[in-house]
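Next come the chains, spelled out residue by residue.
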Amino acid sequence: MNFSRLLAGRYLNPARSHVSAITLISLIGVMLGVAVLIVVLSVHAGFERDVKKLLLGFAPHVEVQEINGFVGDWEGLREQLNEIEGVTGSYALIQDIVLVDAPGYRKPVAFRAIDTEDKGQIEALENLLDQEGYPGSRADIGMDEYTVISRQLAKDLFLNVGDTIEVYASRNFDVVKDAFERTSVEPLKVRLADELTRLRGMTTERTGAGEVPLAELQQYYQAIESLIQQEAREAEVVAINQALMALGSVDRNEAGDAYPVPDEVWKTVDDSLAAIENLDTEAADAASLKNLQEIVLPKKLKVWGVYGDSQRTPGPQMFIPLPIGQELTGLVEGVQAVAVRLEDPYHAMGAARRIEDTLGMEYVTATWMDRHVAQFSVLRTERVMLTLSLSLIGLISTFSIMAVMYTFAIQKKQEIGVMKALGATGSQISWVFVWQGLVVGFFGGIGGVGLALLIIWQRLSIQKFLAKLGFDPFDSDFQGFSELPAKILPGFMVGVALAAWFLCGLAALLPAIKAARNDAARSLRNL
């Protein structure tokens, strides 16, 4: 074995042959392959770490809501949640879409309403503020008409701290659409003229009749109720409801087989039907559209701060106070969900199960991992693809070492014959080549790890240098980070170095077997 190591060291001396020089080049190739793989995946790990940190800055760790998608007594639910193990706090959650109107620009925007009395939420928002790009940004929006917007929204609408924007609630557009659709249909007095005449005739016949048989009055009630199922104007719907309320106020007689309907009820029903027949359609439409002015009035909000998000990790485009969020969504007495913050957000799945077990079947939960599963899937796919593609560099270096060893075995064929003639065994000859591969793999792996650590340490300087040349491979606007992140993975580095060492030894194994099987006599004939 000592003989094999000694001879392998002599053969690796670049001054002895051009083959050894090529081996040295292969060693540099292994070193570069190891370094590139470690640097790229360390940067990706740092990026993934910072993405999760950013998401956890504004995303609820667990969302809890009732099955119907609405939480009425959210304050009571908060008290229950705060008593569950692992929960550090909870707060009301409302999020929806609004139309933002800035000077010269309009854009649909996703907002999140936060409980500004919760110090934890305000502190988390303060940590996300982009003070470098938007000095003076603040998170203490209180209950006033202030908002904290995302960096991407500020750039898209050319907004800055102190600007004023107007927001329109998305539910307003449903109301407007419904109102205009109602004004475009034919009035009931035209479409159902015969039915209205028949119903009014029945009121005339029954006035003063006293009791009405149970089945007959129920049939009459259903006939009027069917009118409201038609597309009708607001004034027509009001008149129909008045008639139904009048009929619904009548109780059965003691026998339970008839209704004693007073004449005043019949008069109310007849007046309601007459109002539909005599409706001034143009005046009713004008009044309906006039009422929209109060519904569609925008909410003016002042930009109080800008927080840092990115195109890669988009968050809520606006944070607004909870009362304003309730006003925009119409949830005056409740919220959409209650958000929970945990001691350890990476154990959110277990916490969600504990919450569901505590609250029962009426509530459902969703973790921050569930909400951002697409983003994490992209990160995982990127990591796998980067690992596979960059590993090819190491494999190419391995094959180059194998080629060099084959060339070396052919070049040293006569020397191998002499060694065999002098008593060297096939095992000793094989180990000469294997030791060369292991030495190349060892120093290539160690050198690659050292080079990778140097590049990671100087990554910011390298990034600035490339930026001066007009090439920035890490666009902060897209990624959301002004500095190139990195995360040292000791276990991964050791694994890559060991893999390089093993592959280089494996690459030398086949040439070693070939050299060991050379026939000494045939090799010596060429001397």
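Our structure's up above, just so we're on the same page.
Here we summarise the structure given alongside this text. (Residues numbered from 1 in each chain as written. Predicted model: local features only at pLDDT ≥ 70, side-chain atom pairs only at ≥ 80, totals over all residues. Heavy atoms only, no water.)

Under the criterion given, the structure shown has five aromatic pairs. Relative to F443, the ring of F442 has its centre 5.2 Å away and its plane inclined at 85 degrees; by these criteria the two rings are edge-to-face. By relative accessible area, F442 is classed as partly exposed at 44%. (Phe/Tyr/Trp six-rings, centres within 6.5 Å; stacked < 30°, edge-to-face > 60°. Buried < 20%, exposed > 50% of the residue type's maximum accessible area, 1.4 Å probe, protein only.)

The next thing to look at is the pattern of salt bridges. Considering all chains together, one arrives at 13 salt bridges under this definition. The shortest N-O distance in the salt bridge between D115 and R78 comes to 3.5 Å. With D115 in the loop between β3 (105–114) and α4 (119–128) and R78 in helix α3 (residues 74–82), the pair connects residues that are 37 residues apart, well separated along the chain. Its relative accessible area of 22% is what places R78 among the partly exposed residues. For D101, the salt bridge is made with R106, and the minimal N-O distance between the two is 3.7 Å. (Salt bridge = Lys/Arg side-chain N within 4 Å of Asp/Glu carboxyl O. Helix = DSSP H or I, 4+ residues; strand = E, 2+ residues; numbered from the N terminus.)

Turning to unusual backbone geometry, a few remarks are in order. Of note in this structure, F158 is not a glycine but carries a positive phi near 55 degrees. Topologically, F158 is positioned in the loop between α5 (151–156) and β5 (164–169). Judged by relative accessible area, F158 falls into the exposed class, the value being 59%.

Relative to the elements of secondary structure, V434 occurs in helix α18 (residues 426–457). Residue V434 is classed as buried on the basis of its relative accessible area of 11%.

Between helix α10 (residues 234–248) and helix α11 (residues 263–277), whose axes approach to 9 Å, the crossing angle comes to 165 degrees. Relative to α11, the element α10 lies roughly antiparallel. Between α10 and α11 lies a crossing whose hand is left-handed. Where α10 abuts α11, its residues E236, A239, I240, Q242, A243, A246 and L247 lie against V265, W266, T268, V269, S272 and I276. (Axes fitted to C-alpha atoms, helices over the stretch in contact; angles between N-to-C directions. Parallel < 35°, antiparallel > 145°, perpendicular 65-115°, else oblique. Left-handed = near helix turned anticlockwise from the far one by under 90°. Contact = heavy atoms within 4.5 Å.)

Any link to function would need more than the numbers given here.
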